[in-house]
Amino acid sequence: MEKKLDWNMYSLVLIGMILLLQVFHSYHYPQFLDEYFHLHSAWSIEHWEGFSSVDLLQDAPIGRPNLYPPFYHSLIQIIHRAGVDWIAIAKMFSVLIVPVFCLVFYFIFKDLISSLFGFIFVLLIFSNYSFFNSLINNIPATISIIFWGLSFYSFIKNKFLASSLFLGLCFYTHPILGYVEFSLLFIWALLSNSKKAAYYLLSLIVASPFIFHQFYNIKYFSFRENLYGNWFLELKFVEITLCMLGIVAAIVSKDKRDIVKLFLLSMIFSAIFYVLPGYRDRVIASQGFLPVMFFAAYSIYYLFEKMPDLKKKVVLLLSLFIFFVFLSPSFLYSKQEKRFILFDSFFINSVKDVFNERTHSFSIWSAKTYNPVIAIIKEDTDKDDVIYSNMYSLGVMFSLLSERPTASALFSEVNPFLDFDRVAVSKLVIHLKDLDPQKDSEILDYFSQRGFELIGDLPIFYIFKNPSPLKIGSIEKQIIIGKKILYGFWLALFCLIFFSLFIEKQHPT
């Protein structure tokens, strides 16, 4: 009966809808502040002609360890070198990352479970606003999860070298997830195929240069415990209920598929990480919600499998499509508010901004507002002069687009080598005006007393010039891995993966 329903076609149509919606929604991108950090890090590779172990272009001129892995930044830099501007690159990745994620996991689930399961999983991604946005807003994390899925899939297919290399790439894509993904796959492999689990140790060898770099500078790294997301709770109670039913169904049916075991282990990891301080919203609503959606899809898949009547399957399919695409209710809880949102699917939040009750789609990009600032920066500074903004995100963005180092910094988990006066070291300070006239007057007085000259009075910014700034230079700790070595390393890894996947014969099971 199921063969009369073409799940491959339905899934590809749904992914095509996602891509089309992303293209029409691209004016919102880049919609997350972290993307400016990644663009800036790609510019750093361009500036230093390679990956620098020290970030001297943020927290300038003091600098800090460069602890974010460079794979995603390398991709950005290569595309920029081909002539694409920074903002266009950010839009491109924001548009493409979710369709790519859906395609990869659809084909993994199609092969390991069924095409029906793959379709349901993609439908749940399309429905879930926060998870969908987390894929866009944290692109290195999304790429890392894709590599993690390919690592697991390769292991199941007895392509152990490819599996370990994909996992090694996870460490070079996201600063934290690689360790979580390694732990998950290694523990799972020990429990299910202990003789082959040692292959995953190769991923640690592949990633060892960057792992050593991170641990050598660990004293400069700290988790941020006062993030808004740590005090924010989002409950997708329908998906959570379906997840619980899916776990029961998997246990009752004695489903021994390796992928079910892995996602059960992932559920345990998510529960552990939620009770730890750090990024709780990413566990309950973002990347950590992946196993919840897996078992939610499993419960629907299990129900479909138990329904012999094709008409009932069609009715259920249409009902699920309507519910998840147009409703997908959520309960939001924070210190400031508690509210229930009935229409909270990604589709509804994206198609018409009037329905958007969320802040995930907010973008700070405005060429009309920022280009005059960038013009002043380029005119009044040299390439080694430091700029600063009281809004760090804007400071990093202005730094990127004017190609000047900044005393501002994003990825604030990494601290500078020394505390310093960011205003005093900067040649130009771009200060956001205050709507309160009294506070705005205090801003002018503060910089006047410090001897700064007001050289720009723009609609929403003041630009002050420092008579005695500092310039960036170099420090003894700085080690630069040249682009030829860096990109040669990526090329070698992918050539080895290709060899293992398509040339090397399968190992005996």
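Residues numbered from 1 in each chain as written. Predicted model: local features only at pLDDT ≥ 70, side-chain atom pairs only at ≥ 80, totals over all residues. Heavy atoms only, no water.

1. Comments concerning unusual backbone geometry
One can expect most non-glycine residues to show negative phi and most peptide bonds to be in trans.
Moving on, step 1. In this chain, Tyr-29 is followed by Pro-30 through a cis amide linkage whose omega measures -5°.
Moving on, step 2. Mapped onto the secondary structure, Pro-30 falls in the loop between helix H1 (7-24) and helix H2 (34-48).
Moving on, step 3. The backbone of Ser-328 shows a phi angle near 50°, a positive value even though the residue is not glycine.
Moving on, step 4. With respect to the secondary-structure elements, Ser-328 resides in the loop between helix H15 (310-326) and strand E5 (330-333). (Helix = DSSP H or I, 4+ residues; strand = E, 2+ residues; numbered from the N terminus.)

2. Considering the packing of aromatic side chains
Moving on, step 1. This structure, assessed with the given rule, holds 57 aromatic pairs.
Moving on, step 2. Residues Phe-37 and Phe-411 carry aromatic rings whose centres are separated by 5.4 Å and whose planes lie at 50° to one another, so their mutual orientation is tilted. With Phe-37 in helix H2 and Phe-411 in the loop between helix H18 (392-402) and helix H19 (422-425), this residue pair connects regions lying 374 residues apart in the sequence.
Moving on, step 3. Residue class for Phe-411 comes out buried when judged on its relative accessible area of 14%.
Moving on, step 4. Summarising the aromatic geometry, the rings of Tyr-172 and Phe-210 are spaced 6.2 Å apart at their centres and angled 55° between planes, so their arrangement reads as tilted. Highlighted residues: Tyr-172 in the loop between helix H8 (160-171) and helix H9 (177-192) and Phe-210 in helix H10 (residues 201-216), separated in sequence by 38 residues. As far as burial versus exposure is concerned, Tyr-172 and Phe-210 are alike and both buried.
Moving on, step 5. Chaining the aromatic ring pairs together yields one cluster made of Phe-101, Phe-105, Phe-109, Phe-117, Phe-121, Phe-131, Trp-148, Phe-263, Phe-294, Phe-295, Tyr-298 and Tyr-301. (Phe/Tyr/Trp six-rings, centres within 6.5 Å; stacked < 30°, edge-to-face > 60°. Buried < 20%, exposed > 50% of the residue type's maximum accessible area, 1.4 Å probe, protein only.)

3. Section: the side chain of Lys-427
Moving on, step 1. Within the fold, Lys-427 resides in the loop between H19 and strand E8 (428-432).
Moving on, step 2. For Lys-427, a relative accessible area of 15% puts it in the buried group.
Moving on, step 3. Of the polar contacts made by the side chain of Lys-427, one reaches the side chain of Asp-385; its length is 3.4 Å.
Moving on, step 4. The residues contacting Lys-427, other than those within four sequence positions of it, are Asp-380, Thr-381, Asp-385, Val-386, Phe-464, Lys-465, Asn-466 and Pro-469. (Polar contact = N/O pair within 3.5 Å; in protein donor to acceptor, adjacent residues only side chain to side chain. Contact = heavy atoms within 4.5 Å.)

4. A short note on empty space enclosed by the protein
Moving on, step 1. For the structure shown, the criterion picks out two cavities of 30 Å³ or more.
Moving on, step 2. Only H2 and strand E1 (50-52) provide two or more residues apiece to the lining of the largest cavity.
Moving on, step 3. Per-class residue counts for the lining of the largest cavity are three nonpolar, six polar and no charged.
Moving on, step 4. Its boundaries defined by the atoms lining it, the second largest cavity holds a volume of some 40 Å³.
Moving on, step 5. Considering the residues around the second largest cavity, the lining is formed by Phe-105, Ile-108, Phe-109, Trp-148, Gly-149, Phe-152, Ile-259, Leu-262 and Phe-263.
Moving on, step 6. The class makeup of the residues in the lining of the second largest cavity is eight nonpolar, one polar and no charged. (1 Å grid on protein atoms, 1.4 Å probe; cavity = no way out; pocket = protein on both sides within 12 Å on 5 of 7 lines; lining within 4 Å. Points joined across faces, edges and corners; volume = space filled by probe spheres on them. Nonpolar A, V, L, I, M, F, W, Y, C, P; charged D, E, K, R; others polar.)

5. Some remarks on the sheet that holds strand E6 (residues 338-341)
Moving on, step 1. Overall, antiparallel pairing links the three strands, which are arranged E4-E5-E6 in an open sheet. Because the sheet does not close on itself, it has two edges, and the strands there are strand E4 (233-235) and E6. Along the sheet, successive strands turn relative to each other by an average axial angle of 15°, direction set aside.
Moving on, step 2. Examined bridge by bridge, E4 and E5 share three bridges and lie antiparallel to one another. Within E5, the residue paired with Leu-235 across the bridge is Phe-331. (Pairing = 2+ DSSP bridges. Axes fitted to C-alpha atoms, helices over the stretch in contact; angles between N-to-C directions.)

6. Considerations on the layout of surface pockets
Moving on, step 1. Of the volumes computed, that of the second largest pocket is approximately 490 Å³.
Moving on, step 2. As for the second largest pocket, its lining consists of 20 residues, of which Phe-51, Ser-53, Pro-209, His-213 and Ile-481 are closest to the centre.
Moving on, step 3. Elements supplying a minimum of two residues to the lining of the second largest pocket: H10 and helix H21 (483-503).
Moving on, step 4. It is H10 that contributes the most residues to the lining of the second largest pocket, five residues altogether.
Moving on, step 5. By residue class, the composition of the lining of the second largest pocket is 16 nonpolar, three polar and one charged.

7. Description of the environment of Ile-463
Moving on, step 1. The topology assignment puts Ile-463 in strand E10 (residues 461-465).
Moving on, step 2. Judged by relative accessible area, which is 0%, Ile-463 ranks as buried.
Moving on, step 3. Spatially, the C-alpha atoms of Ile-463 and His-28 are 27 Å apart, while their sequence positions differ by 435 residues.
Moving on, step 4. With sequence-adjacent residues up to four places away left out, Ile-463 is seen in contact with Val-373, Ile-376, Leu-428, Val-429, Ile-430, Glu-453, Leu-454, Ile-455, Gly-456 and Leu-458.

8. Observations concerning helix H3 (residues 71-81)
Moving on, step 1. When we look at burial in H3, the residues that qualify are Phe-71, Tyr-72, His-73, Ser-74, Ile-76, Gln-77 and His-80.
Moving on, step 2. Of the surrounding secondary structure, the elements contacted by the buried residues of H3 are H2, helix H4 (86-112), helix H7 (139-156), H8 and H21.

9. What to know about the nonpolar core
Moving on, step 1. In this structure, Phe-101, Phe-121, Ile-125, Ile-259 and Phe-398 are the most contacted members of the largest nonpolar core, which totals 160 residues.
Moving on, step 2. In this view, Ile-125 contacts Val-98, Phe-101, Cys-102, Phe-131, Phe-132, Leu-135 and Met-293; residues no more than four positions away in its chain are not counted. (Core = buried A, V, L, I, M, F, W, Y, C linked by side-chain atoms within 4.5 Å.)

10. Examining the packing of H7 against H8
Moving on, step 1. The interhelical angle for the contact between H7 and H8, taken along N-to-C directions, is 165°, at an axis separation of 8 Å. With respect to H8, the element H7 is oriented roughly antiparallel. Crossing angle aside, the handedness with which H7 passes H8 is left-handed. Across the interface between the two elements, Ser-144, Phe-147, Trp-148, Leu-150, Ser-151, Ser-154 and Phe-155 from H7 touch Phe-160, Ala-162, Ser-163, Phe-166, Leu-167, Leu-169 and Cys-170 from H8.
Moving on, step 2. In terms of residue class, the contact of H7 with H8 is made up of 10 nonpolar, four polar and no charged. (Parallel < 35°, antiparallel > 145°, perpendicular 65-115°, else oblique. Left-handed = near helix turned anticlockwise from the far one by under 90°.)

11. Observations regarding the pairing of strand E9 (residues 453-457)
Moving on, step 1. Here E9 pairs with E10 via four bridges, running antiparallel. Residue Leu-454 lies in a different strand from E10, and its bridge partner there is Phe-464.
Moving on, step 2. Hairpin connection from E9 to E10: three residues lie between these consecutive antiparallel strands.

12. Overview of the confidence of the model for the chain
Detailed reading of the predicted coordinates is not advisable wherever pLDDT is low.
Moving on, step 1. Considering every residue of the chain, the mean pLDDT works out to 88; 90% of them sit at 70 or more.
Moving on, step 2. Within the chain, the element-level pLDDT minimum falls on helix H13 (residues 280-284), averaging 57, and the maximum on H3, averaging 97. (pLDDT = per-residue confidence, 0-100.)

13. Re the sheet that holds E9
Whether parallel or antiparallel, the strands of a sheet pair through hydrogen bonds between backbone atoms.
Moving on, step 1. Sheet architecture is open: four strands sit in the order E7-E8-E10-E9, paired in mixed fashion. If you trace the sheet from one side to the other, it starts and ends with strand E7 (387-389) and E9, each paired once. Strand-to-strand twist across the sheet, computed as the mean angle between neighbouring axes with direction ignored, equals 20°.
Moving on, step 2. Running at roughly 5° to E10, helix H17 (residues 367-380) makes contact with E7, E8, E9 and E10 of the sheet.
Moving on, step 3. Contacts between H18 and the sheet are confined to E7, E8 and E10, with E7 contributing the most and set at about 150° to the helix.

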